[in-house]
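# Reading the structure
Here's the letter readout for the chains.
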Amino acid sequence: MLTRCGIGRLLLYDYDKVELANMKRLFFRPEQVGMTKTDAAVHNLSDINPDVVLETYTLNITTVHGFETFISSLKNKSFHPTEEGSGVDLVLSCVDNYEARMAVNQACNELNQTWMESGVSEDAVSGHRQLLIPGETACFACATPLVVASGVDERTLKREGICAASLPTTMGCNSLKDYFPTMEMRPNPQCSHAVCLERQKEYLLAKLARDAAAKTKMEAESFLATGIPLHADNEWNISVVDDSELEKTDARGSGDL
Amino acid sequence: MEGWDPNTKSTLTQIPLLATKAGPRDGATWTQRLKEEYKALIAYTQMNKSNDNDWFRISAANPEGTRWTGKCWYVHNLLKYEFDLQFDIPVTYPSTAPEIELPQLDGKTQKMYRGGKICLTVHFKPLWAKNCPRFGIAHALCLGLAPWLAAEIPILVDSGMIKHKDDATSSTDS
């Protein structure tokens, strides 16, 4: 979809190869069985839109080596040198295991990178989608998804320092029940990831600064509003009086007119 | 620890727990963690030897301690089957457990992911998460690989998927 929309650049990471079993879900073709998924994806995507820059990394991002390559590829700003932050606008996690999600979470926390995570249940009738902004929303380690996904009794999954009451019991869509709840997940102040805690602090400081700046601006604007009169003249001598004064003038009688 | 067999539970409680929460990118604290890993592994191996159940050998394949290789054994019907084992330490270790691989069995069983990564029970990950960072490689072997071998090897042997090296003309196992 992003390719069809003409996104400037896509970085693809996958260490797996195309298999026949993938055909019912993934957009590969049977003759591509045996190719790496990254090569097959480039082939298909560049057919759809040859103007998109496609970079591929056939590696496992959960290994130390793979992770270092992953991080440096995200930091690389040669495509858009003036861009603030990391070299990419958004990271989309479409992986199928917990370990890879944790690795993406780690990288994005370190790079202060917004990302989206998604997943589908084993029975394929429900799924979830989550937007993660380091420091502002819960990171992937803030609320362990093992509680959410497996339905195991929360007590067995309780980690030190996590308040089970703050964990959502379901999230995302269940198509059989036509159920699509959304909820805000705030960061866990006792998250096990030190980097997440750092980002939370940074976000709060930045928010304080933003709120203070917004307040000052509002006050300045309202001051300006009262200082300058709306009308240059006052032909009928209209003035604002207190309610108590109004009663006294009425009492003097209507003969003054 | 419901869902685990009593043997596994009692063995597990005797393996020393680790204290340092450090992953492979944490420099000096990772070195400290590695020392604790070795201590736990040595203790676990001693225990196994004294129980006449010495079933694995592993060592770090690189100086950073991020890749481990070795062998494991399983006795079925009085025959000893040997398998190579390997795994990488993931970047998010110890929050995520290492994914132990038996490359020789890749494709022979459904209880395995690509590349020979063993498929663990639903009980493993929650237990690992709950005990992070106290569990280490020794615990992963005790809770992960040992039950997997006990569950899968008899089936693989009895169904003829693997043959003992004395029977096999080609090397289907070690």
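None of the values given here were measured: they were computed from a predicted structure. (Residues numbered from 1 in each chain as written. Chains lettered and ligands numbered in written order. Predicted model: local features only at pLDDT ≥ 70, side-chain atom pairs only at ≥ 80, totals over all residues. Heavy atoms only, no water.)

### Digging into the overall build of chain A
Defined as follows: Only DSSP runs of H or I with at least four residues qualify as helices, and only runs of E with at least two residues qualify as strands; both kinds are numbered from the N terminus onward. Exposure classes here rest on a 1.4 Å probe applied to the protein chains alone. A residue is buried below 20% of its type maximum, exposed above 50%, and partly exposed in between. Between two residues, a contact is recorded if the distance between any of their heavy atoms is within 4.5 Å.
Secondary structure summary: chain A contains eight helices and six strands in total. Reading the helices (α) and strands (β) of chain A from amino to carboxyl end gives α-β-α-β-α-β-α-β-β-α-α-β-α-α. Out of the 257 residues in chain A, the part that is buried amounts to 35%. Restricting the contact set of chain A to residue pairs at least 6 apart, pairs at least 24 apart contribute 50%.

### Description of helix α1 (residues 6–14) of chain B
Residue and element names in this part refer to chain B. Operational definition: Note that the arc is defined by the directions from the helix axis to the C-beta atoms.
Inspection of α1 places Thr8, Thr11 and Leu12 among the buried residues, and these make up the whole buried set. Burial along α1 is one-sided: seen end-on, the buried residues are contained in an arc of 100°. Exposed and facing more than 90 degrees away from the buried side of α1 are Pro6 and Thr13. Buried residues along α1 sit in contact with α2 (28–50) and α4 (137–158).

### A few points about the packing of aromatic side chains
Note the threshold: We call Phe, Tyr and Trp rings a pair once their centres come within 6.5 Å, taking the six-membered ring for Trp, and we label the pair stacked below 30 degrees between planes, edge-to-face above 60, and tilted otherwise.
Here the structure, examined in full by the defined rule, presents 14 aromatic pairs over all chains. With 6.2 Å between their ring centres and 45° between their planes, A:Tyr98 and A:Phe140 make a pair best called tilted. In this pair, A:Tyr98 is assigned in helix α4 (residues 98–111) and A:Phe140 in the loop between β5 (126–132) and α5 (145–150), connecting sequence segments 42 residues apart. Look at A:Tyr98 and you get buried, because its relative accessible area is 12%. Taken together, the ring pairs connect B:Trp30, B:Tyr93, B:Phe124, B:Trp128 and B:Phe135 into an aromatic cluster.

### Remarks on the pattern of salt bridges
This is how it is decided: Salt bridges are defined as contacts in which a side-chain nitrogen from Lys or Arg sits within 4 Å of a carboxyl oxygen from Asp or Glu.
On inspection of all chains with the given rule, the structure shows 18 salt bridges over all chains. Residue A:Glu68 pairs with B:Arg25 through a salt bridge whose shortest N-O separation is 3.3 Å. One end of the pair, A:Glu68, is in helix α3 (residues 64–75); the other, B:Arg25, is in the loop between α1 and α2, on a second chain.

### Things to note about α3(A)
Given 3.6 residues to a turn, an α-helix orients residues that are three or four positions apart in the same direction. To keep it simple, the criterion reads: The span one expects for a helix is its residue count, reduced by one, times 1.5 Å.
The end-to-end C-alpha separation of α3(A) is 17 Å, in line with the 16 Å expected for twelve residues at 1.5 Å each. Tucked into the core, α3(A) has its buried residues touching β1 (9–13), β2 (53–57), β3 (91–93) and α4 of chain A.

### As for the interface of chain B and chain A
Note the threshold: Once two parts are joined, some of their accessible surface, as seen by a 1.4 Å probe, is lost; buried area is that loss totalled over both.
The partner chain A presents 24 residues to the 20 residues of chain B that form the contact. With both chains or domains summed, chain B and chain A bury close to 1,900 Å², and 56% of this area falls on carbon and sulfur atoms. If you sort the residues of chain B by the area they bury against chain A, B:Arg25, B:Val91 and B:Arg114 come out on top, with a joint share of 28%. Residue B:Arg25 is joined to A:Glu110 by a salt bridge in which the shortest nitrogen-to-oxygen separation is 2.7 Å.

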